[in-house]
Amino acid sequence: MAESSVAELVTRAKRGDASAFDQLVRRHLRAAYAVALAVLGRPHDADDVAQDAFVAALERIDDCREPARFSGWLIKIVRNRALHALEKRKLRDAARDHELSNERSFTNSVGDVALRAHLASALSTLTAVQREIVLLHDLDGWSHAELAEALGLSEVNCRQHLFTARRALRAELSALAPEEVRHGTGT
Amino acid sequence: MEPEPDSVDLSSLDPSRDATRWDAVASRVAARAIELRRLRRAVVRRGAVAVVLAAAAGLALWLSAPRRAVRTPTTSRGGDIFDWATRSDVDPYELFELGGTHAQ
């Protein structure tokens, strides 16, 4: 069966089709997580916020007036929620450092935890838009065209941001832990 | 332009690496969204019904309420008082005192 387009899925979800909801979540949850991570910097918090924001967005799916632009609509909701969560977090634990030991779920080894910490630290040196672009592109596989449409930038601009972000990330990771910088697949 | 640097491997940050957990999370998010949307629609539907019923009840009460007799406007007594006050047999001191009492 051919994959339904996002616009079709949104239209079906508006009619209450449960399988459309499920497919929308499976296709976009990681992007929501990437955007939340770009704002919050902590995988654990990003995971929670992405899920809550996604639930809130789907609950109000009728408000999505342009189904073809669902991704852009969704990431705005996620970003706003993440910013709100960031404010709350700042108030809550201003003096507390990020405790890696609290990270649950998808961490599974000491080396992994260290690498995640290095990545999070390196990502924090980027600008917010660079973080969103590098995470959506390199983590969720968004194309420059998709990024440009969702973020309201030109494709050239997206490429420049990605270029700068990757170079800065590499430099930062080399400085933090030269032996742990993993090289990509060469894409 | 310089060649684009290779992507940094961000897979350790990828929550979908744990496929079982990720699948459960996605299912849970979709189920919660469907349930909340259903609840929200039910609340809106019931709210609309409640508003219509309340409006109908209000209208029925208003229609069934006994009508009050139409009040006839009272005639102004200002003219009479003026006539009395300007009559020549009114003691000006009495009038003055009356005015003073009212002024207090």
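Just so it is clear, the model here is predicted, and its values are computed rather than measured.

**Some remarks on the overall build of chain A**
Step number 1: Across its full length, chain A holds 8 helices and 0 strands.
Step number 2: The linear arrangement of helices and strands in chain A, starting from the amino end, is α-α-α-α-α-α-α-α.
Step number 3: Within chain A, buried positions represent 40% of all 187 residues.

**Re the overall build of chain B**
Step number 1: Check the secondary structure of chain B and you find 3 helices and 0 strands.
Step number 2: The order of helices and strands in chain B, counted from the N terminus, is α-α-α.
Step number 3: With 104 residues in all, chain B has 12% of them scored as buried.

**What to know about the nonpolar core**
Step number 1: With 63 residues, the main nonpolar core has Ala32, Val35, Ala36, Ala50 and Phe54 of chain A as its most contacted residues.
Step number 2: Looking at which element gives the most residues to this core, the answer is helix H2 (residues 18-40) of chain A, with 15 residues.
Step number 3: With residues near it in sequence (within four places) discarded, Phe54 of chain A still touches Val25, Leu29 and Ala32 of chain A together with Val29 of chain B.

**With respect to the confidence of the model for chain A**
Step number 1: Of all residues in chain A, 83% attain a pLDDT of 70 or more, and the chain-wide mean is 85.
Step number 2: Overall, residues 183-187 of chain A carries pLDDT values under 50, and its contacts beyond four positions in sequence, including any with other chains, amount to 7 contacts.

**Concerning the interface of chain A and chain B**
Step number 1: Opposite the 36 residues of chain A that make contact, chain B presents 25 residues.
Step number 2: Broken down by secondary-structure element, the contributors of at least two residues to the side of chain A that touches chain B are H2, helix H3 (43-59), helix H5 (110-123), helix H6 (128-138) and helix H8 (155-176) of chain A.
Step number 3: If you tally residues by element for the side of chain A that touches chain B, the top one is H2 of chain A, at 9 residues.
Step number 4: Classifying every residue of the side of chain A that touches chain B gives 18 nonpolar, 6 polar and 12 charged.

**Topic: H6 of chain A**
Step number 1: Most of H6 of chain A is tucked away, with 9 of its 11 residues classed as buried.
Step number 2: Those residues of H6 of chain A not exposed but buried are Gln130, Arg131, Glu132, Ile133, Val134, Leu135, Leu136, His137 and Asp138 of chain A.

**Considerations on the packing of helix H7 (residues 144-151) of chain A against H8 of chain A**
All names here are of chain A.
Step number 1: Two elements in contact, H7 and H8, have axes separated by 8 Å at closest approach and are oriented at 105°. Viewed along their axes, H7 and H8 adopt a mutual orientation that is roughly perpendicular. Each of His144, Ala145, Leu147 and Ala148 in H7 lies in contact with H8, whose residues at this interface are Glu155, Cys158 and Arg159.
Step number 2: Counted by class, the contact of H7 with H8 contains 4 nonpolar, 1 polar and 2 charged residues.

**Digging into helix H1 (residues 19-64) of chain B**
Step number 1: With 46 residues, H1 of chain B ought to run about 68 Å at 1.5 Å a step, and its terminal C-alpha atoms sit 67 Å apart, in line with that.
Step number 2: Within the span of H1 of chain B, buried status applies to Val25, Ala26, Val29, Ala30, Ala33, Ile34 and Arg37 of chain B.

**Structural notes on the environment of Val49 of chain A**
Residue and element names in this part refer to chain A.
Step number 1: Within the secondary structure layout, Val49 lies in helix H3.
Step number 2: Exposure remark for Val49: the 27 C-beta atoms within 10 Å place this residue in the buried category.
Step number 3: Beyond its immediate stretch of four places on either side in the chain, Val49 contacts Ala36, Leu40, Arg81, Ala82 and Ala85.

**A word on the environment of Ser19 of chain A**
Residues and elements named next belong to chain A.
Step number 1: Within the secondary structure, Ser19 sits in helix H2.
Step number 2: Since 12 C-beta atoms lie within 10 Å of it, Ser19 is described here as exposed.
Step number 3: Counting along the chain gives 130 residues from Ser19 to Glu149, while the straight-line C-alpha distance between them is 26 Å.

**Describing the packing of H2 of chain A against H3 of chain A**
All names here are of chain A.
Step number 1: Between H2 and H3, the shortest axis-to-axis distance is 8 Å and the interhelical angle comes to 135°. Accordingly, the angle class assigned to the pair H2 and H3 is oblique. In this structure, H2 meets H3 at a crossing whose hand is right-handed. Contacts from Phe21, Leu24, Val25, Leu29, Ala32, Tyr33, Ala36, Leu37 and Leu40 of H2 reach H3 at Pro43, Asp45, Ala46, Asp47, Val49, Ala50, Ala53, Phe54 and Leu58.
Step number 2: Considering only residue class, the contact of H2 with H3 consists of 16 nonpolar, no polar and 2 charged.

Analysis parameters
Residues numbered from 1 in each chain as written. Chains lettered and ligands numbered in written order. Predicted model: local features only at pLDDT ≥ 70, side-chain atom pairs only at ≥ 80, totals over all residues. Helix = DSSP H or I, 4+ residues; strand = E, 2+ residues; numbered from the N terminus. Buried ≥ 20, exposed ≤ 12 C-beta atoms within 10 Å, placed from the backbone. Core = buried A, V, L, I, M, F, W, Y, C linked by C-beta atoms within 7 Å. Contact = placed C-beta atoms within 7 Å. pLDDT = per-residue confidence, 0-100. Nonpolar A, V, L, I, M, F, W, Y, C, P; charged D, E, K, R; others polar. Axes fitted to C-alpha atoms, helices over the stretch in contact; angles between N-to-C directions. Parallel < 35°, antiparallel > 145°, perpendicular 65-115°, else oblique. Expected span 1.5 Å × (residues − 1). Left-handed = near helix turned anticlockwise from the far one by under 90°.

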